[in-house]
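Letter by letter, the chains look like this.
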Amino acid sequence: MGEEDPQLEVEVQRVLDAINGLGSADVPAAERAKRLTQLLDEWPEAHSRVRAMRQAAMQEMQDDGLSLRAISAQTGISFGRVREIIQGVTKRAKAAKKAADNPAD
């Protein structure tokens, strides 16, 4: 399943290991394809839930009196990105705004 990254928290590593397990060659190809398709079908919703949980955790830190810089220091995420996350700005939204601001010629 690959090397474990010692920097990852145990829970994160378990999720990544589970995803890697879905592609295990020990499982017949048709079953792997079926499982991976199910994961991909659920992924957008799961991704949105994880993003919302991260935003809520950072908002909680701010509500507890931490500054954006303190949140940045504690999470290892840049100050600007912390601000965007708390405001609900996603990378997709930033890309769409940039495209709207710079339409193709």
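Structure: see above.
What you are looking at is a predicted structure, and each value in this text was computed from that prediction instead of being measured.

Rules and cut-offs
Residues numbered from 1 in each chain as written. Predicted model: local features only at pLDDT ≥ 70, side-chain atom pairs only at ≥ 80, totals over all residues. Heavy atoms only, no water. Helix = DSSP H or I, 4+ residues; strand = E, 2+ residues; numbered from the N terminus. Contact = heavy atoms within 4.5 Å. Areas by Shrake-Rupley, 256 points an atom, 1.4 Å probe, with all protein chains shown as cover. Buried < 20%, exposed > 50% of the residue type's maximum accessible area, 1.4 Å probe, protein only. Phe/Tyr/Trp six-rings, centres within 6.5 Å; stacked < 30°, edge-to-face > 60°. Lys NZ or Arg CZ within 6 Å of the ring centre and 35° of its normal. 1 Å grid on protein atoms, 1.4 Å probe; cavity = no way out; pocket = protein on both sides within 12 Å on 5 of 7 lines; lining within 4 Å. Points joined across faces, edges and corners; volume = space filled by probe spheres on them. Nonpolar A, V, L, I, M, F, W, Y, C, P; charged D, E, K, R; others polar. Core = buried A, V, L, I, M, F, W, Y, C linked by side-chain atoms within 4.5 Å. Patch = residues over 30% accessible without salt bridge, like charges linked within 9 Å, V, L, I, M, F, W, Y side chains within 5 Å. Salt bridge = Lys/Arg side-chain N within 4 Å of Asp/Glu carboxyl O.

1. Regarding the overall build of the protein
Looking only at helices and strands, the protein has five helices and zero strands in total. Along the chain direction, N to C, the helices and strands of the protein fall in the order α-α-α-α-α. Across the protein, every contact between residues at least 6 apart in sequence was considered, and the portion connecting residues at least 24 apart equals 24%. When the accessible surface of the protein is split by element, carbon and sulfur atoms take 55% of a total near 8,200 Å².

2. Remarks on helix H4 (residues 79-87)
Buried within H4 we find Arg81, Val82, Glu84, Ile85 and Ile86. Phi turns positive one or two residues past the end of H4, at glycine 88, with a value near 85°.

3. Remarks on the packing of aromatic side chains
Under the defined criterion, the tally for this structure stands at zero aromatic pairs. It is arginine 69 that lies over the ring of phenylalanine 79; its NZ or CZ is 4.1 Å from the centre.

4. Comments concerning the layout of surface pockets
As a volume, the largest pocket reaches approximately 220 Å³. In terms of lining, the largest pocket is formed by Trp43, Ala46, His47, Val50, Arg51, Arg54, Arg81, Thr90 and Lys91. Top contributing element to the lining of the largest pocket by residue count: helix H2 (residues 29-63), with six residues. Classifying every residue of the lining of the largest pocket gives three nonpolar, two polar and four charged. Taken as a whole, the second largest pocket holds about 170 Å³ of empty space. Forming the walls of the second largest pocket are Val12, Val15, Leu16, Ile19 and Trp43. Considering each element in turn, the lining of the second largest pocket owes the most residues, four residues, to helix H1 (residues 10-22).

5. A short note on the side chain of arginine 81
As for its position among the elements, arginine 81 is in helix H4. On the accessibility criterion, arginine 81 (14% relative accessible area) is buried. Residues in contact with arginine 81, not counting those within four places in the same chain, are Arg54, Val89, Thr90 and Lys91.

6. Quick word on the nonpolar core
Ranked by size, the top nonpolar core spans seven residues in total: Met58, Met61, Leu68, Ile71, Val82, Ile85 and Ile86. Among the elements that line this core, the one with the most residues is H4, at three residues. Not counting chain neighbours up to four residues away, the residues in contact with methionine 61 comprise Leu66, Ile71, Gln74 and Thr75.

7. Digging into a nonpolar patch on the surface
Where nonpolar side chains cluster on the molecular surface, the patch consists of Leu8, Val12 and Leu16 and spans about 210 Å² of accessible area. Looking at the element boundaries, leucine 16 is found in helix H1. Here leucine 16 falls in the partly exposed class, since its relative accessible area comes to 36%.

8. Some details on the pattern of salt bridges
The tally for this structure, following the rule as stated, stands at three salt bridges. The residue glutamate 31 makes a salt bridge to arginine 35 at a minimum N-O spacing of 3.3 Å. You can see glutamate 31 and its partner arginine 35 sitting in helix H2, four residues apart, about one turn around the helix. Residue arginine 35 is classed as partly exposed on the basis of its relative accessible area, which comes to 31%. With a shortest N-O distance of 3.0 Å, arginine 81 and glutamate 84 are connected by a salt bridge. With a gap of three residues between them, arginine 81 and glutamate 84 both fall in helix H4, about one helical turn apart.

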